[in-house]
Amino acid sequence: MYGGIGKKSYLCTAKPKRMDHHKQAALEMGTKPVGQLLWQYALPAIVAMSASSLYNIIDRAMIGQIVGPEAIAGLGITFPFMNLSAAFGAAVGVGSSASISVKLGQKDYPTAQNLLGNTLTLNLIIGFSFMVICLLFLDPILLFFGASEVTLPYAREFMTVILLGNVMTHMYFGMNAVLRAAGKPKHAMYSVLSTVAMNIVLVVLFVWWFRWGIRGAALATVTSQTMAMCWQLWLFSNKNEILHLQRGIYKLKQRLVTSIIGIGISPFLMNVCSCVIVIFMNNQFVRYGGDMAVGAYSIANSVVMMFFMFVMGVCQGMQPIVGYNYGAKQYDRMFRCLYLAIACATAILLVGWGLSMLFPRQIARIFTTDETLIELSARGIKIDMLVFFVVGSQATITHFFQSIGKVKVSIFLSLSRQLFLLLPMAYVFPLFWDLDGVWYSMPASDFGSFAMTIPMLIWYMRRLRK
């Protein structure tokens with residue numbers, strides 16, 4: 001499956017005996033009980049992702065309460081931009097971490113080492129290129145994304161700062177993914193937690209104390225991620241680690257890049273699709289409900305992501321375990337990890353679904369004091385989260401195929417909800433139900449993609465066992 005990754009590479013310079021402890025941490029993924037492993041790897045990721053989710057809630061709440069409802073709508077316009085940036089980051093970060101996990105499972109340590117170096121180089125090139133191109137055409141892009149005369153200044157102010165720090169953001173997320181693949185889930189958690197803690201402190205300082213508005217929120221994000229990235233690079237400078245920074249690993253090698261992008265193309269397309277969908281949805285909400293409807297969509301989206309980040313933590317914890325055991329051909333352990341991850345993800349989203357159905361107005365009030373926006377957001381949250389509990393299994397199974405390098409299957413499942421279902425539904429439903437129709441398209445596509453994913457997993461399981 002990963003035959004494209006060559007065996008020829010630079011050997012690690014550290015003495016083998018000094019790396020035994022670090023190799024043992026990676027080897028545990030093939031021997032330790034799966035339940036303990038998933039808990040060990042998923043818990044730090046869940047803690048990190050939930051902390052990140054908490055930060056996003058605090059960030060948006062402060063912007064909504066201090067700057068105003070127009071700023072919340074402007075922030076909603078930046079979601080496609082953030083998804084597009086994340087798409088390029090995921091193509092490198094997820095692709096390299098999955099490749100590294102498989103190579104560690106095959107005990108091909110030199111190739112894993114070179115994958116680390118190529119990950120750094122790719123992040124630098126892609127992050128810088130994305131920044132330059134987007135800054136040159138910022139206003140036209142934001143207008144295309146659904147900005148109006150009212151929301152454009154807020155969106156421009158936020159994205160200018162975010163784009164200037166884009167290289168640091170790409171590097172931060174890429175290195176965090178490699179930390180998990182290298183058997184260091186707790187370090188990945190510490191990295192995110194420190195980022196979130198610093199972010200919250202800086203947001204309070206910049207937005208509430210200095211009154212720098214939406215630009216202060218963006219500056220807090222970039223500053224905290226840069227500081228965490230410096231710590232990550234310091235960790236990888238330790239030559240006793242199984243993966244560490246050294247000469248000779250940074251030059252791009254076609255076979256390694258092909259492997260990284262080949263696996264990373266699935267999350268890349270998923271994030272690009274998210275970008276396209278949010279652009280389309282923003283325009284639909286503006287068309288049928290105006291800027292306030294875009295603000296309500298931004299709030300509902302924040303609530304969805306708050307709970308979905310827990311699921312992403314489970315998926316991130318699952319990924320190195322599944323990848324390692326697939327590389328080692330221990331398929332029973334691989335599937336056991338998948339089943340446990342699905343159960344955890346579903347349980348988490350059931351909690352989110354229950355809270356959203358019972359307390360939608362109270363949740364909306366966290367973000368704004370504007371009664372019109374609260375009313376629109378509360379209704380949107382209830383409709384958007386209608387079948388939320390089925391999303392966990394769909395996301396987990398999609399990440400499972402991604403983790404074992406089944407690129408075509410993963411791409412199909414990634415696109416099924418957004419491109420094949422949500423896009424046409426979001427166009428057709430409003431013709432019958434006006435603004436409510438835009439909201440109805442989201443739970444309808446959630447259930448449709450769930451119905452497509454389960455048969456795909458059953459088919460693959462039967463094929464592998466034969």
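Read on for a plain summary of the structure. (Residues numbered from 1 in each chain as written. Predicted model: local features only at pLDDT ≥ 70, side-chain atom pairs only at ≥ 80, totals over all residues. Heavy atoms only, no water.)

## As for the overall build of the protein chain
And then number 1: Of regular secondary structure, the protein chain possesses 16 helices and 0 strands.
And then number 2: Taken over the C-alpha trace, the protein chain has a radius of gyration of 22 Å; the compact-globule value for 466 residues is 23 Å, and the two agree within 12%.
And then number 3: Along the three orthogonal principal directions, the C-alpha set of the protein chain runs to about 65 × 50 × 35 Å.
And then number 4: Taking all 466 residues of the protein chain together, 60% fall into the buried category.
And then number 5: Of the contacts made within the protein chain by residues no fewer than 6 positions apart, 83% connect residues no fewer than 24 positions apart.
And then number 6: Accessible surface computed for the protein chain: about 18700 Å², of which carbon and sulfur atoms make up 68%.
And then number 7: Side chains of the protein chain give 36 positive and 18 negative charges; the mean places of these two sets differ by 20 Å. (Helix = DSSP H or I, 4+ residues; strand = E, 2+ residues; numbered from the N terminus. Rg over C-alpha atoms; globule rule 2.2 N^0.38 Å. Buried < 20%, exposed > 50% of the residue type's maximum accessible area, 1.4 Å probe, protein only. Contact = heavy atoms within 4.5 Å. Areas by Shrake-Rupley, 256 points an atom, 1.4 Å probe, with all protein chains shown as cover. Lys, Arg positive; Asp, Glu negative; His and termini not counted. Charge placed at Lys NZ, Arg CZ, Asp CG, Glu CD.)

## Regarding the packing of helix α11 (residues 254-327) against helix α12 (residues 331-358)
Helices that pack against each other are described as a pair by the angle of their axes relative to one another and the distance between those axes.
And then number 1: Where α11 contacts α12, the axes come no closer than 9 Å and their chain directions differ by 175 degrees. Classified by the interaxial angle, the pair formed by α11 and α12 is roughly antiparallel.
And then number 2: Among the residues forming the contact of α11 with α12, the class breakdown is 20 nonpolar, 3 polar and 1 charged. (Axes fitted to C-alpha atoms, helices over the stretch in contact; angles between N-to-C directions. Parallel < 35°, antiparallel > 145°, perpendicular 65-115°, else oblique. Nonpolar A, V, L, I, M, F, W, Y, C, P; charged D, E, K, R; others polar.)

## Points about the packing of aromatic side chains
And then number 1: Under the defined criterion, the tally for this structure stands at 23 aromatic pairs.
And then number 2: When the centroid spacing of 5.5 Å and the interplanar angle of 55 degrees are considered together, the rings of F88 and F130 count as tilted. Linking F88 in helix α4 (residues 79-105) with F130 in helix α5 (residues 109-136), this pair joins segments that are 42 residues apart in sequence.
And then number 3: Take F88: its relative accessible area is 27%, and that puts it in the partly exposed class.
And then number 4: Given a relative accessible area of 7%, F130 falls into the buried group. (Phe/Tyr/Trp six-rings, centres within 6.5 Å; stacked < 30°, edge-to-face > 60°.)

## Some details on a nonpolar patch on the surface
And then number 1: Side chains of V204, L205, W208, W209, F210, W212 and L219 sit close together on the surface and give an oily, nonpolar patch of about 680 Å² of accessible area.
And then number 2: Considering each element in turn, the nonpolar patch owes the most residues, 4 residues, to helix α9 (residues 185-209).
And then number 3: Structurally, the position occupied by F210 is in the loop between α9 and α10 (213-235). (Patch = residues over 30% accessible without salt bridge, like charges linked within 9 Å, V, L, I, M, F, W, Y side chains within 5 Å. Salt bridge = Lys/Arg side-chain N within 4 Å of Asp/Glu carboxyl O.)

Scope: geometric values only; no functional claims are made or implied.
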